[in-house]
Amino acid sequence: MKHTLRALRAEAGRYCLEMRRYLMDSVASAFIIILVLVMMLKGMDWAASGMAASTARLTIASSYLAWVFAFRSIQAIALGVYDEVQKGTFEQLYLSPLGVVPILLTRAVLEFVFTLGLVTLVYLAADALAGLGFGSGFGQALGYILAALPGVWGLGLALAGVVLIAKKSGSLLAIVSYAIIGLAAVPGLPLGLMSFLPYSAGASAARAALAGSGGTPSWWPAFTLAAAFGWLAFGFLVWKSAEARARRLSLFGQY
């Protein structure tokens, strides 16, 4: 237990040092995320001569904020492995008493904490500049997002497995990071086939909470969490399969 806590503290310290070392990148990403959301909302108003439907604005804004969480989660895991492989430091992760997967999930949790602060800043800035008009369900929406995020972490692990085998996969990771917009926007409510997609159940419930429209069953948080952990288990199995194949082919230490 002592070694585990020490490893987790070290990983948190590494994350904070990177954020401080590359402060300009962190600030720039926050500015760009705010700018894109504001321009989308303003663009809708301009295109509709200031008469853009409030429901459309709410849907776009809430889907965008939900995507920010998913996008940064994918980056924390899959892109993190890609960078480690490029730098030739990936094998060092196996020296940790935690193992590789717990380290990757720890990074994802740390990324969620940072993104929570970032999204709150984006929400306040965009509301001041463009008027989001959200209801009072911001906290409830965050709860749904948190319940659905393990599913995105599962996708990140699966993609990280692809990185181990394919090595040069930066374009794939970039495409998937933006393709996940669809998972944040598809109608997961009411219960249907799309509800079982990774992240869609939580993102749909978050949109409903932000819009104040209700209509979410009382059992929905449990369903969201169960679906998310199902996708997390799937991602773990893909990772372990890719890891075993990489060992057989002696791909570790190669780029």
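What counts, and at which threshold
- Along every chain, residues carry numbers that run from 1 in the direction the sequence is written.
- Totals for whole chains, interfaces and linings use all residues, but because this is a predicted model, local features are given only for residues with pLDDT of at least 70 and pairs of side-chain atoms are given and counted only at 80 or more.
- Note that water and hydrogens are dropped before the side-chain values are worked out from all heavy atoms of the structure.
- Residue types Ala, Val, Leu, Ile, Met, Phe, Trp, Tyr and Cys, when buried and joined through side-chain atoms within 4.5 Å, form a set referred to as a nonpolar core.
- Each residue is placed in one exposure class: buried if its accessible area under a 1.4 Å probe, protein chains only, is under 20% of its type's maximum, exposed if it is over 50%, and partly exposed if it falls in between.
- The helix count covers DSSP runs of H or I at least four residues long, the strand count covers runs of E at least two residues long, and both are numbered beginning at the N terminus.
- Note on contacts: a residue pair is in contact if any heavy atoms of the two residues lie within 4.5 Å.
- Site definitions follow a grid-based scheme: protein atoms alone, a 1 Å grid, a 1.4 Å probe that fits but cannot get out for cavities, and for pockets an open set with protein on both sides within 12 Å along at least five of seven lines, plus lining residues having an atom within 4 Å of a point.
- Grid points are joined across faces, edges and corners, and a volume is the space filled by probe spheres set on the points.
- Residues are grouped as follows: Ala, Val, Leu, Ile, Met, Phe, Trp, Tyr, Cys and Pro are nonpolar; Asp, Glu, Lys and Arg are charged; every other residue, Gly included, is polar.
- Side-chain rings of Phe, Tyr and Trp (the six-membered ring for Trp) are treated as a pair once their centres are within 6.5 Å; stacked means planes under 30 degrees apart, edge-to-face means over 60, and tilted covers the remaining angles.
- One fewer than the residue count of a helix, multiplied by 1.5 Å, yields its expected span.
- The axes used here are C-alpha line fits, helices contributing only the stretch in contact, and every angle between their N-to-C directions lies in the interval 0 to 180 degrees.
- Each angle receives one of four descriptions, namely roughly parallel if under 35 degrees, roughly antiparallel if over 145, roughly perpendicular if within 65 to 115, and oblique otherwise.
- Two helices cross in a left-handed way if the nearer one is turned anticlockwise from the farther one by less than a right angle. They cross in a right-handed way if the turn is clockwise.

Asker: Describe the nonpolar core, with residues and values.
Answerer: A general trend in soluble globular proteins is that nonpolar side chains are found buried together. V81, Y199 and W239 are the most contacted members of the largest nonpolar core, which totals 69 residues. Mapped onto this core, the elements with two or more residues apiece are α2 (23-47), α3 (54-87), α4 (100-130), α5 (138-166), α7 (181-185), α8 (200-211) and α9 (220-248). Once you skip the residues sitting within four places of it in the chain, W239 turns out to touch V81, F90, Y94, V100, V101, L104, L157, A160, G161 and L164.

Asker: Describe empty space enclosed by the protein, naming the residues involved and giving the relevant values.
Answerer: In total, this model carries two cavities of 30 Å³ or more according to the counting rule given. Within this model, the largest cavity holds a volume of roughly 90 Å³. Lining the largest cavity are S62, L65, A66, F69, V119, F138, A141, L142, I145, A206 and L210. For the lining of the largest cavity, the secondary structure elements donating two or more residues are α3, α5 and α8. When its residues are assigned to classes, the lining of the largest cavity shows ten nonpolar, one polar and no charged. Taken as a whole, the second largest cavity spans an internal volume of roughly 40 Å³. If one sorts the elements of the lining of the second largest cavity by residue count, α9 sits on top with four residues.

Asker: Tell me about the packing of aromatic side chains, and name the residues and values.
Answerer: Enumeration over the complete set of coordinates arrives at twelve aromatic pairs. With a centroid separation of 5.1 Å and an interplanar angle of 45°, the aromatic rings of W220 and F223 are classed as tilted. Residue W220 and its partner F223 are both found in helix α9; the two are separated by three residues, about one turn of the helix. Each member of the pair W220 and F223 is classed as buried. With a centroid separation of 5.6 Å and an interplanar angle of 85°, the aromatic rings of W231 and F234 are classed as edge-to-face. Separated by three residues within a single helix, W231 and F234 lie in helix α9, roughly one turn from each other.

Asker: Requested: an account of α8, with residues and values cited.
Answerer: The end-to-end C-alpha distance of α8, which contains twelve residues, comes to 16 Å, matching closely the 16 Å that a straight helix rising 1.5 Å per residue would cover. Just downstream of α8, G212 is the residue with a positive phi angle, here 70°.

Asker: Residues and numbers for α9, please.
Answerer: Compared with the 42 Å implied by 1.5 Å per residue over 29 residues, the 42 Å span of α9 between its first and last C-alpha is a close match. Following α9 by one or two positions, S250 adopts a phi angle in the positive range, close to 55°.

Asker: Run through the side chain of T224, naming residues and quoting values.
Answerer: Counting through the fold element by element, T224 comes out in helix α9. According to the relative accessible area criterion, T224 is buried, its value standing at 2%. When residues no more than four places from it in sequence are discounted, the contact partners of T224 are Y144, A147, A148, A201 and G202.

Asker: Tell me about the layout of surface pockets, and name the residues and values.
Answerer: It is the rolling of a water-molecule-sized probe over the atoms that shows where space remains empty. In this structure, the largest pocket occupies an estimated 980 Å³ of space. As for the largest pocket, its lining consists of 32 residues, of which E18, D25, Q75, D83 and E111 are closest to the centre. Within the residue set of the lining of the largest pocket, elements represented by two or more residues are α1 (2-21), α2, α3 and α4. Tallying contributions element by element places α3 first for the lining of the largest pocket, with eleven residues. Class assignment for the residues of the lining of the largest pocket results in 16 nonpolar, seven polar and nine charged. Of the voids in this model, the second largest pocket is the one considered here, and its volume is about 150 Å³. Lining the second largest pocket are M40, T59, I60, S63, Y64, W67, I181 and A185. Taken together, the elements giving at least two residues each to the lining of the second largest pocket come down to α3 and α7. Broken down by element, the residue count for the lining of the second largest pocket peaks at five residues, all from α3.

Asker: Can you explain the packing of α5 against helix α6 (residues 170-179)? Please cite residues and give values.
Answerer: At a minimum axis separation of 10 Å, α5 and α6 run at an interaxial angle of 165°. Judged by the inter-axis angle, α5 sits roughly antiparallel to α6. In the packing of α5 onto α6, the handedness of the crossing is right-handed. Side by side, α5 and α6 meet where L159, V162 and V163 of the first sit next to L172, L173 and V176 of the second.

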